[in-house]
Amino acid sequence: QVQLVESGGGLVQAGGSLRLSCAASGGIFSIDHMGWYRQSPGKQRELAATITTDGRTNYADSVKGRFIISRDNAKNTVYLQMNSLKPEDTAVYYCNANIRIRIWVPSYDYWGQGTQVTVSS
């Protein structure tokens, strides 16, 4: 059974940094794109950053220049380095991965359980 396990959230002061990690496990044949999304109270979940298998990245305008997404394909792990954090970055951050569990079957999006990031002013 596929699982995405996130770690690295917490409380940080404005201007500080945090690094999130998300490891995928459980009968994986291949992983296509991976990414991080976030959801603040009362708001819809929004994209923060995504990365393809070959390392192409995409960022929300609100995090460009401050966040860096990367992945280790050998470890089925995606990272989000968050720098110059602002109070408006406060949210639950969710890991996402598009995973195929066997050859010749469709791939599906899987989600982690979420990790809280709180930035104090």
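Structure first, text after, so check above.
The structure contained in this document is the topic of the report that follows. (Residues numbered from 1 in each chain as written. Predicted model: local features only at pLDDT ≥ 70, side-chain atom pairs only at ≥ 80, totals over all residues. Heavy atoms only, no water.)

### Side note on the overall build of the protein chain
Part 1: Assigned secondary structure in the protein chain consists of zero helices and 11 strands.
Part 2: Helices and strands in the protein chain line up, N terminus first, as β-β-β-β-β-β-β-β-β-β-β.
Part 3: In terms of its C-alpha atoms, the protein chain occupies a principal-axis envelope of roughly 50 × 25 × 25 Å.
Part 4: Here the protein chain, with 121 residues, has 40% of them falling under the buried criterion. (Helix = DSSP H or I, 4+ residues; strand = E, 2+ residues; numbered from the N terminus. Buried < 20%, exposed > 50% of the residue type's maximum accessible area, 1.4 Å probe, protein only.)

### Some points on the environment of Ile68
Part 1: Examined against the element boundaries, Ile68 turns out to sit in strand β7 (residues 67-72).
Part 2: Judged by its relative accessible area of 47%, Ile68 falls in the partly exposed class.
Part 3: Each C-alpha atom of the pair Ile68 and Ala91 lies 17 Å from the other, and the pair is 23 residues apart in sequence.
Part 4: Leave out the neighbours within four places in its chain, and Ile68 touches Tyr59, Tyr79, Leu80 and Gln81. (Contact = heavy atoms within 4.5 Å.)

### Quick notes on the pattern of salt bridges
Part 1: All chains considered together, the criterion is met by five salt bridges.
Part 2: Where Arg38 meets Asp89, a salt bridge forms, and the shortest distance between an N and an O atom there is 2.9 Å. With Arg38 in strand β4 (residues 30-39) and Asp89 in the loop between β8 (77-82) and β9 (91-100), this pair connects stretches of sequence that are 51 residues apart.
Part 3: On the basis of relative accessible area, Arg38 is assigned to the buried category, the value being 5%.
Part 4: The shortest N-O distance in the salt bridge between Asp89 and Arg66 comes to 2.7 Å. Of this pair, Asp89 sits in the loop between β8 and β9 while Arg66 sits in the loop between β6 (57-59) and β7, and the two are 23 residues apart along the sequence. Taken as a pair, Asp89 and Arg66 share a single burial class, namely buried.
Part 5: Each of Arg38, Glu46, Arg66 and Asp89 takes part in a single network of salt bridges with overlapping partners. (Salt bridge = Lys/Arg side-chain N within 4 Å of Asp/Glu carboxyl O.)

### Some points on the sheet that holds β7
Strand pairing in a sheet relies on backbone hydrogen bonds. The paired strands run either parallel or antiparallel.
Part 1: With antiparallel pairing, four strands are arranged side by side in an open sheet as β1-β3-β8-β7. Both outer strands of the open sheet, β1 (3-7) and β7, are each paired with one neighbouring strand and no more. Pairs of neighbouring strands in the sheet enclose a mean axial angle of 15°, with direction left out of account.
Part 2: Looking at chain direction, β7 and β8 are connected through six bridges and run antiparallel. Looking at β8, one finds that Phe67 is bridged to Met82. (Pairing = 2+ DSSP bridges. Axes fitted to C-alpha atoms, helices over the stretch in contact; angles between N-to-C directions.)

### Description of the side chain of Glu6
Part 1: Assignment of secondary structure puts Glu6 in strand β1.
Part 2: Buried and unpaired, Glu6 has Arg45 as its nearest opposite-charge partner, separated by 7.7 Å.
Part 3: Engagement of the side chain of Glu6 in a polar contact is seen with the backbone nitrogen of Cys95, the distance being 2.6 Å.
Part 4: At 3.3 Å, the side chain of Glu6 and the backbone nitrogen of Gln113 are in polar contact.
Part 5: Setting aside residues no more than four positions away along its own chain, Glu6 makes contact with Ser21, Cys22, Trp36, Tyr93, Tyr94, Cys95, Gly112, Gln113, Gly114 and Thr115. (Lys, Arg positive; Asp, Glu negative; His and termini not counted. Polar contact = N/O pair within 3.5 Å; in protein donor to acceptor, adjacent residues only side chain to side chain.)

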